[in-house]
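# Fold and geometry: a report
Next come the chains, spelled out residue by residue.
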Amino acid sequence: MGIIETKDLVFEYIRRDEEGNVEGITRAVDGVNLNVNQGDFIAILGHNGSGKSTLAKHINAILYPTEGTVWVDGKDTSDDANLWEVRQKAGMVFQNPDNQIIGQVVEEDVGFGPENLGVPTEEIWERVKESLKAVGMYEFRKHSPNKLSGGQKQRVSIAGVIAMHPKCIVLDEPTAMLDPNGRKEVIRATRALNDVEEITVILITHYMEEIIHANKVFVMDKGKVAMEGTPKEIFSQVDKLKSLRLDVPQVTLLAHELRKSGVAIPEGILTREELVAALGLGKR
Amino acid sequence: MLRDITLGQYYQTDSVIHRLDPRVKLVTTICYIISLFIVDNFIGYIIAGLFLALIIKLSKVPVKFMVRGMKSIVFLLIIAVGFNLFLTPGETAVAFWKLKITWEGIRLAAFMAIRLVFLIMGSSVMTLTTTPNNLTDGMESLLGPLKKLKVPVHEISMMMSIALRFIPILLEETDKIMKAQIARGADFESGNLIKKAKSLVPLLVPLFISAFRRANDLAMAMEARCYRGGEHRTKMKPLIYKKRDALAYGTVVCYLALCVVFGRILL
């Protein structure tokens, strides 16, 4: 069994009017089966309202399935006895950097998770130090979070999760509110975690550039998994992605158009270097 | 601009007073305030004044910072002194028109003024030398015994520190909303008080909505990081009494004794 597994996961939001009568039911997640192995870098794509954030909240036991089951490290998330263990094993980073930092000093915020877990004081300091170093924010440990940039705040949030020693970290659109530089910082930090610390990463995003390093990509649409595969497999289906209202990276799009016009290059080109090589321009 | 405001009025420097345990500072401040009300002669106030001067000297905070805090109480001070001066019955010292000032009045007014000034200066030494965070920690620890009476001490201090963290964020947001509305022709400047207050409504509504949204997000983020109240929780920066804290407590006891002996019994 993988680190995270879902079986026929269904989640319904119930909309109520002012008197509390049921107005309608929205099926946000509809029969999703996931299987994530330890050490994977998974990306989940989808446009707004595709159910990707709802799915993410199930992994951290913030939401419970209406039907089906979610297992984190073999533990059923809908069982209350597993709640804290599940939340410790699967950390979560949210979209808005301001609304998830609790401490008034960077190091205190990173220490918040371990404090909640009841880790002894000396070990907390140890964990704070190593987590801040892992995201490259150690020299900012005495700063106030209010004076950091968006990308730096998100890295602090990631450090706060790592300090809890999770096996898996779910990032729910961590870069949606950041500028391009902040986005790069956060993605670099996330990849380092996956490579160096071997933490399983589940990255939820709608920026295509961020998923090219993933082992596996799931594309969600209307609560269902619409596509599944490696980034190369996903990006070789440009027309299908477009029908799901998703953009492809410019390079991939260019390669796709060139191929359609008769240039002999392979499908699923992800980076500028690959395109240059495919066109035979790099040898000069 | 709004980003740079400092909360409370913490003055960053390194001194013995800064390094003291926040609990010591809280207890000392309370004791000092009590002492100001025990004492009822000038020798007692001289002792209180010397004690305060000593602490200010040790804290290395420039005196002008303490005086700055005084501005807010000038009005209160004038009223208190005025009432005591004119309304205390006794032997007349000066009389003009329908008002008379009595010797007892002068004495009481002087005491009242000294009390207020010392009180404000004494408590501002505490806020100038302790970070708001430390202060909440100290309060949580001092109020600890109330947990037995089912007072949610940990929750209160958590709320205080979160409020402190969000004040600058909400201020910045207010600034943003204000600018957005000014850009669309809102007028926050002109008109009388009532009109000005009314013009704040379109500012407060979005601010409240955003604050609720933030609170919701924050609660979710805290739960995701395994927050479950004060139980089973360890501290990253636990408060531990050191030798200097014991010394400070000793000094406070001596000071209180001096106040009682000279300020009340002897004279």
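So, here's what we can say about the structure. Because the structure is predicted, anything quoted here is derived from the model rather than measured. Numbering of residues starts from 1 in every chain and runs along the sequence as written. The lettering of chains begins at A and the numbering of ligands begins at 1, in the order of writing. Reporting in this predicted model follows two pLDDT cut-offs: at least 70 for local features of residues, and 80 or more for side-chain atom pairs to be given and counted; totals over whole chains, interfaces and linings ignore these cut-offs and use all residues. To obtain the side-chain values, all non-hydrogen atoms of the structure were used and water was disregarded.

## Here we look at the overall build of chain B
Scanning chain B from terminus to terminus reveals 11 helices and 2 strands. Listed by position from the N terminus, the elements making up chain B come as α-α-α-α-α-β-β-α-α-α-α-α-α. Taken over C-alpha atoms, the radius of gyration comes to 24 Å for chain B, far larger than the 18 Å a tight globule of 267 residues would show. Judged by the C-alpha coordinates and their principal axes, chain B covers about 65 × 55 × 40 Å. Only protein chains enter the accessibility calculation, which uses a 1.4 Å probe; a residue whose area is less than 20% of its type maximum is buried, one above 50% is exposed, and one in between is partly exposed. By residue count, 36% of the 267 residues in chain B fall in the buried class. Partitioning the contacts of chain B with sequence separation of at least 6, the portion at a separation of at least 24 is 73%. For chain B, the computed accessible surface area is about 16,000 Å², with 71% contributed by carbon and sulfur atoms. Counted charges follow a simple rule, with Lys and Arg positive, Asp and Glu negative, and His plus the chain ends left uncounted. For the purpose of locating charges, the reference atoms are NZ of Lys, CZ of Arg, CG of Asp and CD of Glu. When the 34 positive and 18 negative side-chain charges of chain B are each reduced to one mean point, those points stand 3 Å apart. By definition, any uninterrupted DSSP run of H or I lasting at least four residues is a helix, any uninterrupted run of E lasting at least two residues is a strand, and each is numbered from the N terminus. Atoms counted for the radius of gyration: C-alpha only. Globule rule: 2.2 Å times residue count to the power 0.38. The contact criterion used throughout is that any non-hydrogen atoms of two residues lie within 4.5 Å. Working definition of accessibility: Shrake-Rupley area with a 1.4 Å probe, residue cover restricted to the visible protein chains.

## Considering the pattern of salt bridges
For this analysis, a salt bridge means a side-chain nitrogen from Lys or Arg found within 4 Å of a carboxyl oxygen belonging to Asp or Glu. All told, the structure shown has 28 salt bridges over all chains when counted by the stated rule. Residue E12 of chain A pairs with R27 of chain A through a salt bridge whose shortest N-O separation is 2.9 Å. With E12 of chain A in strand β1 (residues 4-16) and R27 of chain A in strand β2 (residues 22-36), this pair connects stretches of sequence that are 15 residues apart. A relative accessible area of 22% means that E12 of chain A is categorised as partly exposed. Assessed through its relative accessible area of 37%, R27 of chain A is described here as partly exposed. With its nearest N and O atoms 3.8 Å apart, the salt bridge here joins K235 of chain B to D137 of chain B. Residue K235 of chain B is located in the loop between α10 (201-224) and α11 (243-265), and its partner D137 of chain B is located in helix α7 (residues 132-142); the two are separated by 98 residues in the primary sequence. Taken together, the salt bridges that share partners define one network made up of E12, R27, D30, E67 and K224 of chain A.

## Topic: α10 of chain B
Here α10 of chain B contains 24 residues, and its C-alpha end-to-end distance of 35 Å stays within 8% of the 34 Å for a straight helix at 1.5 Å per residue. Looking only at α10 of chain B, the buried set comprises L203, L207, S210, R214, L218, A221, M222 and A224 of chain B. On its buried face, α10 of chain B is in contact with α2 (83-89), β6 (90-93) and α3 (106-117) of chain A together with α8 (153-183) and α9 (193-199) of chain B. In the stretch just after α10 of chain B, C226 of chain B is the one whose phi turns positive, near 70 degrees. Any helix carries an expected span of 1.5 Å times its number of residues minus one.

## Details of the sheet that holds strand β10 (residues 224-229) of chain A
Residue and element names in this part refer to chain A. Taking strand neighbours across the sheet as the criterion, the 6 strands line up as β6-β7-β8-β3-β9-β10 in an open arrangement whose pairing is mixed. Strands with a single pairing partner mark the edges of an open sheet, and in this sheet they are β6 and β10. Across this sheet, the average inter-strand angle for adjacent strands is 20 degrees, counted without regard to direction. Strand pairing is assigned whenever DSSP detects at least two bridges linking the two strands. Inspection of the sheet shows strand β9 (residues 216-221) paired to β10 by 5 bridges, in the antiparallel sense. Residue pairing in the sheet places M220 in a bridge with V225 of β10. Sheet strands in contact with helix α6 (residues 180-197) are β3 (41-45), β7 (168-172) and β8 (200-205), and its direction is about 155 degrees off that of β8. Where helices are involved, their axes are fitted lines through C-alpha atoms of the stretch in contact, as for all axes, and angles between N-to-C directions lie from 0 to 180°.

## Topic: the packing of aromatic side chains
Two descriptors summarise a pair of aromatic rings, namely the distance from one centre to the other and the angle between the planes of the rings. Stacked, tilted and edge-to-face pairs are distinguished by plane angle, under 30 degrees for stacked and over 60 for edge-to-face with tilted covering the rest, among Phe, Tyr and Trp rings (Trp via its six-membered ring) whose centres lie within 6.5 Å. Here the structure, examined in full by the defined rule, presents 9 aromatic pairs over all chains. An aromatic cluster is built from Y32, F51 and Y255 of chain B, whose rings are joined through pairwise contacts. Lysine NZ or arginine CZ positioned within 6 Å of the ring centre and within 35 degrees of the ring normal marks a charge as sitting over the ring. The ring of Y138 of chain A has K133 of chain A lying over it, and the distance from NZ or CZ to the ring centre is 4.7 Å. We note R183 of chain A situated over the ring of Y207 of chain A; from NZ or CZ to the ring centre the distance is 3.8 Å.

## Here's the deal with the interface of chain A and chain B
Taken together, the contact pairs 38 residues of chain A with 30 residues of chain B. Between chain A and chain B, a total of about 3,200 Å² is buried, with carbon and sulfur atoms accounting for 52% of that surface. Values labelled buried area give the accessible surface lost by two parts on being combined, using a 1.4 Å probe and summing over both. Contact with chain B buries surface across chain A, with N99, Q104 and N116 of chain A losing the most and accounting together for 22% of the total. Applying the counting criterion to the chain A and chain B interface returns 4 salt bridges. Polar contact criterion, stated in full: a pair of N or O atoms within 3.5 Å, where within protein one must be able to donate a hydrogen and the other to accept it, and residues adjacent in sequence count only if both atoms are side-chain atoms. At the boundary of chain A and chain B, one finds 18 residue pairs in polar contact (both at pLDDT 80 or more). With 11 residues, α3 of chain A is the single largest residue contributor to the side of chain A that touches chain B. Just so you know the grouping, Ala, Val, Leu, Ile, Met, Phe, Trp, Tyr, Cys and Pro go in nonpolar, Asp, Glu, Lys and Arg go in charged, and all remaining residues, Gly too, go in polar. Its residues placed into classes, the side of chain A that touches chain B shows 16 nonpolar, 14 polar and 8 charged.

## Overview of the environment of G160 of chain A
Considering the arrangement of structural elements, one finds G160 of chain A in helix α5 (residues 150-162). The exposure class of G160 of chain A is buried, given its relative accessible area of 0%. Residues in contact with G160 of chain A, not counting those within four places in the same chain, are V110 of chain A together with R225 of chain B.

## Considering empty space enclosed by the protein
All names here are of chain A. Computed over the protein atoms alone on a 1 Å grid, cavities are sets of points where a 1.4 Å probe fits but cannot get out and pockets are open sets with protein on both sides within 12 Å along at least five of seven lines; a residue lines them when it has an atom within 4 Å of a point. Grid points are joined across faces, edges and corners, and a volume is the space filled by probe spheres set on the points. For the coordinates displayed, the defined rule picks out 1 cavity of 30 Å³ or more. Considered as a void within the structure, the largest cavity measures approximately 30 Å³ in volume. Lining the largest cavity, in full, are F235, V238, T252, A255, H256, R259, P266, E267, G268 and I269. If one sorts the elements of the lining of the largest cavity by residue count, helix α9 (residues 250-260) sits on top with 4 residues. Partitioned by chemical class, the residues of the lining of the largest cavity number 5 nonpolar, 3 polar and 2 charged.

Remember that the coordinates give geometry; whether it matters functionally is a separate question.
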